[in-house]
Amino acid sequence: FGPGSLTLTAGSVLDDGLFGAGYTLDVKGTKVYATGLITDPDQGNDFSECVLGAERQTGPYTRVAGEVYFNGWGASDRDGYPDLVFSDRFLEGRSLALGRWNMTVEINRQVSPLVVLTPALFANLSDGSGLLRMNGSYSASDLTTLTGGLFIGLGNRPDGPVPKSEFGGMPPTLFLEMVHSL
């Protein structure tokens, strides 16, 4: 289909039928992509998810990426969160995002031959909250990589079990991971 690549998706996950398509295209050195997915739950109404994104290598050591994500299952404002948070779909982990509209921006920067820094911001455009991720990785050897970082939730904090914003209730979280390939 022209200069891009087409992806078709069909499957079943936990009794949900999934059908989708995506298209990726190089536009003057920028990877531009769009995907759409329709979920047909075993119980409940069909819903769609769509992503429009772009990724570009801006120099020999820097890559920038961004996405806008439409979550047809999500709530258009925080008043819809209680129904979602206590739904089987959310509690079982089949859907993780609460907001209807989300955005992500990420920068990947190689600061030395062995160290890569990758800060990112995940934003819920429906409630104005965000999740800031600061992380980096260190290549300890050909087989071992150490990754560590910090997540910081931005937004209104909850008064109880129901969030006032998707990311505002997330406490600052440190993480460290070591991967060794055998």
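First, a word on scope: everything that follows refers to the structure included in this document. (Residues numbered from 1 in each chain as written. Predicted model: local features only at pLDDT ≥ 70, side-chain atom pairs only at ≥ 80, totals over all residues. Heavy atoms only, no water.)

### A closer look at the overall build of the protein chain
The criterion, for reference: Only DSSP runs of H or I with at least four residues qualify as helices, and only runs of E with at least two residues qualify as strands; both kinds are numbered from the N terminus onward. Only protein chains enter the accessibility calculation, which uses a 1.4 Å probe. A residue is then buried if its area is under 20% of the maximum for its type, exposed if over 50%, and partly exposed in between. The criterion used for residue contact is that any of the two residues' heavy atoms lie within 4.5 Å.
Counting secondary structure elements, the protein chain contains two helices and eleven strands. Written out in order from the N terminus, the α and β elements of the protein chain read β-β-β-β-β-α-α-β-β-β-β-β-β. Dimensions of the protein chain, computed from C-alpha atoms along their principal axes, come out at roughly 50 × 50 × 35 Å. A total of 182 residues make up the protein chain; the buried ones form 29% of that total. Restricting the contact set of the protein chain to residue pairs at least 6 apart, pairs at least 24 apart contribute 38%.

### Quick look at the nonpolar core
Worth spelling out the cut-off: To form a nonpolar core, buried Ala, Val, Leu, Ile, Met, Phe, Trp, Tyr and Cys residues must be joined to one another through side-chain atoms within 4.5 Å.
If you look at the biggest cluster of nonpolar residues, it comprises seven residues: F47, W73, A75, Y81, L84, V85 and L98. With three residues, helix α1 (residues 81-85) is the largest single contributor of residues to this core.

### Things to note about the pattern of salt bridges
Heads up, the rule is: Should a side-chain nitrogen of Lys or Arg be within 4 Å of a carboxyl oxygen of Asp or Glu, the pair is scored as a salt bridge.
Evaluation of the coordinates by the stated rule reveals four salt bridges. Across the salt bridge formed by D16 and R89, the nearest N and O atoms sit 2.5 Å from each other. In this pair, D16 sits in strand β2 (residues 16-27) while R89 sits in helix α2 (residues 88-91), placing the two residues 73 residues apart along the sequence. Overall, the relative accessible area of 3% leaves D16 in the buried class. According to the relative accessible area criterion, R89 is buried, its value standing at 9%. The partner of E106 in a salt bridge is R133, with the nearest N and O atoms 2.9 Å apart. Here the residue E106 occupies a position in strand β6 (residues 101-112), and R133 occupies one in strand β9 (residues 130-139), the gap between them amounting to 27 residues. Residue R133 is classed as buried on the basis of its relative accessible area, which comes to 14%. It is possible to trace a salt-bridge network through shared partners that takes in E55, R63, E106 and R133.

### What about a negative patch on the surface?
Under the convention used in this document: Surface patches are defined over residues having more than 30% relative accessible area and no salt bridge, joining like charges when they lie within 9 Å and nonpolar side chains (Val, Leu, Ile, Met, Phe, Trp, Tyr) when within 5 Å. Throughout, the Shrake-Rupley method with a 1.4 Å probe supplies accessible areas, and for residues the shown protein chains are the sole cover considered. The positive count covers Lys and Arg only, the negative count covers Asp and Glu only, and His and the chain ends enter neither. A single reference atom marks each charge: NZ on Lys, CZ on Arg, CG on Asp, CD on Glu.
Residues D15, D40, D42 and D46 make up a contiguous surface patch of negative charge. Structurally, the position occupied by D46 is in the loop between β3 (30-40) and β4 (47-59).

### Quick look at the environment of T35
Residue placement: T35 occurs in strand β3. Take T35: its relative accessible area is 37%, and that puts it in the partly exposed class. Those residues in contact with T35, other than ones at most four positions away along the chain, are A21, G22, E49, C50 and V51.

### Structural notes on a nonpolar patch on the surface
Together, L114, Y138, L146 and M178 make up an exposed nonpolar region whose accessible area comes to about 380 Å². Turning to its location among the elements, M178 is positioned in strand β11 (residues 173-180).

### Some words on the environment of N135
To keep things clear, this is the line we draw: Under this definition, polar contacts are N or O atom pairs within 3.5 Å; protein pairs additionally need one hydrogen-donor-capable and one acceptor-capable atom, and for neighbouring residues in sequence, both atoms have to be side-chain atoms.
Within the fold, N135 resides in strand β9. Relative accessible area serves as the criterion here: at 16%, N135 is assigned to the buried category. Along the primary structure N135 and L117 are separated by 18 residues, whereas in three dimensions their C-alpha atoms are 6.0 Å apart. N135 has contacts with V116, L117, T118, P119, T147, G148, G149 and F175, leaving out every residue within four places of it along the chain. Separated by 2.8 Å, the side chains of N135 and R133 make a polar contact.

### Topic: the side chain of S95
Checked against the element boundaries, S95 lands in the loop between α2 and β6. Ignoring anything within four residues of it in the chain, the contact list for S95 reads F47, W73, R89 and F90.

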